[in-house]
Amino acid sequence: MSAPKTDIEKRKQISVRGIAQVENVTNVKKTFNRHLHYTLVKDRNVATPRDYYFALAHTVKDHLTSRWIRTQQYYYEKDPKRVYYLSLEYYMGRSLQNTMINLGIQGACDEAMYQVGLDIEELEDLEEDAGLGNGGLGRLAACFLDSMATLGLAAYGYGIRYEYGIFAQKIKNGEQTEEPDDWLRFGNPWEKARPEYMLPVNFYGRVEDTPRGKKWVDTQVVFAMPYDNPIPGYGNNVVNTLRLWSAKSPVEFNLKFFNDGDYIQAVLDRNLAENISRVLYPNDNFFEGKELRLKQEYFMCAATLQDIIRRFKSSKFGSKEAVRTSFDSFPDKVAIQLNDTHPSLAIPELMRILMDVEGLPWDKAWDVTVRTCAYTNHTVLPEALERWPTSMLESILPRHMQIIYHINHLHLENISKKYPGDFDRIRRMSLIEEEGEKRVNMAHLSIVGSHAVNGVAAIHSEILVKSVFKDFAEMNPEKFQNKTNGITPRRWLLLCNPGLADLIAEKIGEEWTVHLEQLAQLKPLAKDPNFQRAVMKVKQENKLRLAAILEKDYGVKINVASIFDIQVKRIHEYKRQLLNCLHIITLYNRIKQNPQAKFVPRTVMIGGKAAPGYYMAKSIIRLICAVANVVNNDPIVGDRLKVIFLENYRVTLAERIIPAADLSEQISTAGTEASGTGNMKFMLNGALTVGTLDGANVEMAEEMGNDNIFIFGMTVDEVEALQKRGYNAYDYYNRIPELRQCVDQIQNGFFSPGNPDSFRDVADVLLKYDRFYLFADYEDYIKCQDKVAECYQNQSKWAEMAIMNIASSGKFSSDRTIAEYAREIWGCEPSWEKLPAPHEPRDDETK
């Protein structure tokens, strides 16, 4: 849907905030036409809309490139400490609009496209999402890259360039089906291949003892080809790099096949090596011990560490000719952050390089490794913690398994010295788990091999210290920290909600985009009727826009005066989409029982992908779709209740949904959600939260006050107490008539008349095997939702609460999070320095 001209005007105003707009419209048009002709070899007679998108992307990238080169030159001259963020996932979304905003050229590009008769929003919609992540962990990594560039840190992201990202979700006959996400099929205008930096990565082989130490020999080699993606900071002319590795086969063919005349087989065998970067594993919070996944993890770590060491050695040092050969200063110049345990093989790999290649003794290599590496934990769910079989590691990475065994040997000696005779503690803290199949606990390896370990919300970090990693925290309390997650305000307000961004800027100026804590200046306006009306007008415009999209895509006409009640996140039992579904059924039953009663209209939207092998998650999607089918087609219900399952939820869809939300559902069982970042995005955009005291919800409530959030359900301590005394779902089922009716309807085929047994297994899980205690929180949840409906009827009160949410969001900027990482873990200071723009001379050029 094309934006009205008023929105284009708003975007133009926002794009120049705090940034001198030097690029003019004429230049943009000229460059656009040059790329259309010379890069794409098209003219206006034959060019397609996608050609126009690519011409615009290349035009915008031209403005990036000189800044990108200058930033790298600046880092070389200044030789700052460099930060390396290692993550197997980056959920980047689209780049075009974000880049224009950060460079301050969106106004010029909007106007240039308008003058040549093109709609820039239609061009933006042709960009493929870079879906190289599953959910929160990957999107957090993307927000962090934005903040590291905006804070002027010399930071690099490293990951894998998956040929196929997170699958495209299609809902067919009410069920999820997966289609490959071939996001590269038209090419990627933002990346730059760097074949000159291709690096070898070794697998298999054996370890030889030589006079100079251990040597890993007879390996199979795969090459890692880097593709660089620019990461622009906001308004500071800094452009950092995200380097993604792609697997390439070695050049040599297997001569045996040539001698046998089987040339085709030789070529086909080459392609096997390239499977390593073929596809992202679509699992979220679940460990799948597949050999290919282990290869992906090591492939990324091995290529990245070679690159880090090459850059360390070639950095300007003393004089321009000098090369670093001593590793004494390595931890002073290099910080490596492990985003969860997926890159934990960086620890034994760095040890291997330092000892076997660089010749350092064990103690020195270990000191360098621990001082360099830090580890972020993202989950407390036991099924999510990585534990690799030692047999698999010994086969694929024999040298690394030796190193892990020796790390464990020294680690257990340290435990014995501190806790003599405490064999149970030694067993619990060992890196090697002996029960059943012998496995390496990668979280334990990450803790032992790092100087800092952090959780991602205050309550999560507390659970790590008191429960999950209690023994480690007792032994080394100084290692454990909290770093509450954050989101980038550029994408999650400035880009996705220009109307609200404009309104805020009118009241408090423009600096909030890089100092989000300034939103607190809005608190005195929370009771101002004029400001309330202005905020609610923006919300209503966003709701109208989303309603038009949903009517077009789903054929459901939505009541825009209804509460837009939204739960969007990965489908997982602990996130409790089923509890939301029970509320929907309860509302439906109430309307049916008393059609004349007054109901506050509500449109419930649930979106998210289920891992393809996660049966229960896929059943939950089926149930939501079946309930939606019954509710939406019941004439008695009318537009008082509508249910929509949002197909193929991704970053780009989030940018449309979040600004339109009235109510955000953050209803995980207390103690299971590490932090959440969706909760922060909704809060920043003026949605109210209904949620448990879990993850960052706790800190959100502290910031805004309990009067401005709808909290329900058990606390972490109450969940623990329930676990101890034993949970019996039938106690609640028998006691609460509304709950019993819902469960019976699910169990007896009310929502699946064609197949009455369709959801019997869902009811079985709820009644017999529910690890997340839905029924224990049901009653309080329904009461809380009744409060939501009552509050929504008082639009002035609702607006006041929404403004308090927006005004209390300052803490949840990823800029704050990254500044804390920089100072307290990486040992470097954010510079906030603005580099000269391409048309301005550098300092050294003016001398």
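Since the model is a prediction, treat every value here as computed from it, not as a measurement.

What to know about the overall build of the protein chain
Tallying secondary structure elements over the protein chain gives 35 helices and 25 strands in all. The globule rule puts the C-alpha radius of gyration for 847 residues at 29 Å, and the 28 Å found for the protein chain is close to it. C-alpha atoms of the protein chain, sized along the principal axes, occupy 90 × 75 × 60 Å. Within the protein chain, the proportion of its 847 residues that are buried is 62%.

Section: the sheet that holds strand β16 (residues 432–433)
Whether parallel or antiparallel, the strands of a sheet pair through hydrogen bonds between backbone atoms. Read from one edge to the other, the open sheet built from three strands follows the order β15-β17-β16, with strand pairing classed as antiparallel. Two strands close off the open sheet at either side, each with one partner strand: β15 (387–389) and β16. Of the strand pairs in this sheet, β15 and strand β17 (residues 439–441) are connected by three bridges, and their pairing is antiparallel. Paired with Pro389 across the bridge in β17 is Arg439.

Section: the UniProt feature "modified residue: N6-(pyridoxal phosphate)lysine" (unreviewed entry) in the protein chain
This chain's UniProt record puts "modified residue: N6-(pyridoxal phosphate)lysine" (unreviewed entry) on Lys681. With sequence-adjacent residues up to four places away left out, Lys681 is seen in contact with Arg139, Ile487, Trp492 and Ile658.

Remarks on the packing of helix α2 (residues 25–39) against helix α5 (residues 106–115)
The interhelical angle for the contact between α2 and α5, taken along N-to-C directions, is 65°, at an axis separation of 8 Å. Crossing geometry of α2 relative to α5 is assigned as right-handed. Taken together, the residues of α5 that come into contact with α2 (itself represented by Val25, Val28, Lys29 and Phe32) are Ala108, Cys109, Glu111, Ala112, Met113 and Gln115. A breakdown of the residues in the contact of α2 with α5 according to their chemical character gives seven nonpolar, one polar and two charged.

Comments concerning the side chain of Arg399
Mapped onto the elements, Arg399 comes out in helix α15 (residues 398–418). With relative accessibility at 7%, the residue Arg399 sits in the buried group. A polar atom in the side chain of Arg399 sits 2.7 Å from the side chain of Asp356. Ignoring any residue separated from it by four or fewer positions in sequence, one finds Arg399 in contact with Val207, Lys214, Trp216, Arg352, Met355 and Asp356.

Quick word on the environment of Asp764
Inspection of the secondary structure puts Asp764 in helix α31 (residues 760–769). Expressed as a C-alpha distance, the spacing of Asp764 and Ala443, which sit 321 residues apart in the sequence, is 33 Å. In contact with Asp764, not counting residues within four places along its chain, are Gln747 and Tyr769.

Thoughts on the sheet that holds strand β21 (residues 602–607)
Strand order in the open sheet formed by six strands is β22-β21-β20-β23-β24-β25, with parallel pairing between adjacent strands. Looking at strand neighbours, the two that pair on one side only are β22 (641–646) and β25 (710–711), the edges of this open sheet. In this structure, strand β20 (residues 563–568) lies alongside β21, joined through six bridges in parallel fashion. The partner of Ile563 across the bridge, within β21, is Arg602. Against the sheet, helix α22 (residues 529–554) engages β20, β21 and β22, with an angle of about 70° to β22. Packing of helix α24 (residues 615–632) onto the sheet brings it into contact with β21 and β22, and relative to β22 it is tilted by some 145°.

With respect to the domain arrangement of the protein chain
Under the domain assignment, the protein chain is made up of domain 1 (22–78 + 97–128), domain 2 (81–93 + 129–381 + 454–482) and domain 3 (498–716 + 772–810). Centre-to-centre separation of domain 2 and domain 3, based on C-alpha positions: 35 Å. Taken together, the contact pairs 34 residues of domain 2 with 36 residues of domain 3. Here domain 2 meets domain 3 over a buried area of about 2700 Å², counting both sides, of which 60% is carbon and sulfur. Connecting domain 2 to domain 3 are one salt bridge. A salt bridge links Glu178 to Lys618; the shortest N-O distance between them is 2.8 Å. The interface formed by domain 2 and domain 3 contains twelve residue pairs in polar contact (both at pLDDT 80 or more). Listing elements by their share of the side of domain 2 that touches domain 3, those giving two or more residues are β2 (90–93), α7 (136–150), β5 (168–172), β6 (175–179) and α18 (458–468). Considered class by class, the residues forming the side of domain 2 that touches domain 3 number 15 nonpolar, 13 polar and six charged.

What to know about unusual backbone geometry
Only a minority of non-glycine residues have a phi that is not negative, and only a minority of peptide bonds are not trans. We note that Asp79 has phi near 50°; this positive angle belongs to a residue other than glycine. Its location among the elements puts Asp79 in the loop between α3 (49–78) and β1 (82–86). On the accessibility criterion, Asp79 (12% relative accessible area) is buried.

Observations concerning a nonpolar patch on the surface
Together, Tyr263, Ile264 and Leu268 make up an exposed nonpolar region whose accessible area comes to about 320 Å². Assessed through its relative accessible area of 46%, Leu268 is described here as partly exposed.

Observations concerning the pairing of β20
Among the six residues that make up β20, six are buried, leaving the element largely enclosed by the rest of the structure. Burial along β20 is two-sided: Ile563, Asp565 and Gln567 and Phe564, Ile566 and Val568, pointing in opposite directions, are all buried. In this region the chain leaves β20, passes through helix α23 (residues 577–593) and returns to the parallel neighbour β21; the handedness of that crossover is right-handed. For β20 and strand β23 (residues 663–666), the ladder comprises two bridges, and the chain directions are parallel.

Thoughts on the environment of Leu268
Note that Leu268 resides in helix α9 (residues 263–273). Residues Leu268 and Phe772 lie 504 residues apart in sequence; the distance between their C-alpha atoms is 47 Å.

Focus: empty space enclosed by the protein
Throughout the structure, instances matching the rule amount to six cavities of 30 Å³ or more. Considering only enclosed or pocket space, the largest cavity measures out at about 850 Å³ in volume. Taken together, 49 residues line the largest cavity, and the ones lying closest to its centre are Gly135, Gly136, Leu137, Asp284 and Arg570. If you list the elements that add at least two residues to the lining of the largest cavity, you get α7, α25 (651–657) and α26 (678–684). A domain split of the lining of the largest cavity shows at least three residues from each of domain 2 (81–93 + 129–381 + 454–482) and domain 3 (498–716 + 772–810). One number sums up the size of the second largest cavity: a volume of about 440 Å³. The wall of the second largest cavity is formed by 33 residues, among which Met92, Gly93, Arg94, Ser95 and Trp190 lie closest to the centre. Elements with a contribution of two residues or more to the lining of the second largest cavity: α3, β2, α4 (96–103), β3 (130–132), α7, β11 (220–232) and β12 (239–248). The class makeup of the residues in the lining of the second largest cavity is 18 nonpolar, eight polar and seven charged. The two domains that each donate at least three residues to the lining of the second largest cavity are domain 1 (22–78 + 97–128) and domain 2 (81–93 + 129–381 + 454–482).

Looking at the nonpolar core
Judged by nonpolar contacts, the single largest core of 259 residues is most densely connected at Met148, Phe203, Phe299, Trp512, Phe710, Phe775 and Trp826. By residue number, the principal contributor to this core is α24, which donates twelve residues. When we break this core down by domain, the ones giving at least three residues each are domain 2 (81–93 + 129–381 + 454–482) and domain 3 (498–716 + 772–810). The next biggest cluster of nonpolar side chains, apart from the first, holds 28 residues, and it includes Leu36, Trp68, Leu103 and Leu118.

Cut-offs applied
- Residues numbered from 1 in each chain as written.
- Predicted model: local features only at pLDDT ≥ 70, side-chain atom pairs only at ≥ 80, totals over all residues.
- Heavy atoms only, no water.
- Helix = DSSP H or I, 4+ residues; strand = E, 2+ residues; numbered from the N terminus.
- Rg over C-alpha atoms; globule rule 2.2 N^0.38 Å.
- Buried < 20%, exposed > 50% of the residue type's maximum accessible area, 1.4 Å probe, protein only.
- Pairing = 2+ DSSP bridges.
- UniProt positions renumbered as here; feature names shortened; annotations may be inferred.
- Contact = heavy atoms within 4.5 Å.
- Axes fitted to C-alpha atoms, helices over the stretch in contact; angles between N-to-C directions.
- Left-handed = near helix turned anticlockwise from the far one by under 90°.
- Nonpolar A, V, L, I, M, F, W, Y, C, P; charged D, E, K, R; others polar.
- Polar contact = N/O pair within 3.5 Å; in protein donor to acceptor, adjacent residues only side chain to side chain.
- Domains from an automatic or database assignment.
- Buried area = accessible area lost by both parts, 1.4 Å probe.
- Salt bridge = Lys/Arg side-chain N within 4 Å of Asp/Glu carboxyl O.
- Patch = residues over 30% accessible without salt bridge, like charges linked within 9 Å, V, L, I, M, F, W, Y side chains within 5 Å.
- Areas by Shrake-Rupley, 256 points an atom, 1.4 Å probe, with all protein chains shown as cover.
- Right-handed = clockwise from strand over helix to strand, strands pointing away.
- 1 Å grid on protein atoms, 1.4 Å probe; cavity = no way out; pocket = protein on both sides within 12 Å on 5 of 7 lines; lining within 4 Å.
- Points joined across faces, edges and corners; volume = space filled by probe spheres on them.
- Core = buried A, V, L, I, M, F, W, Y, C linked by side-chain atoms within 4.5 Å.

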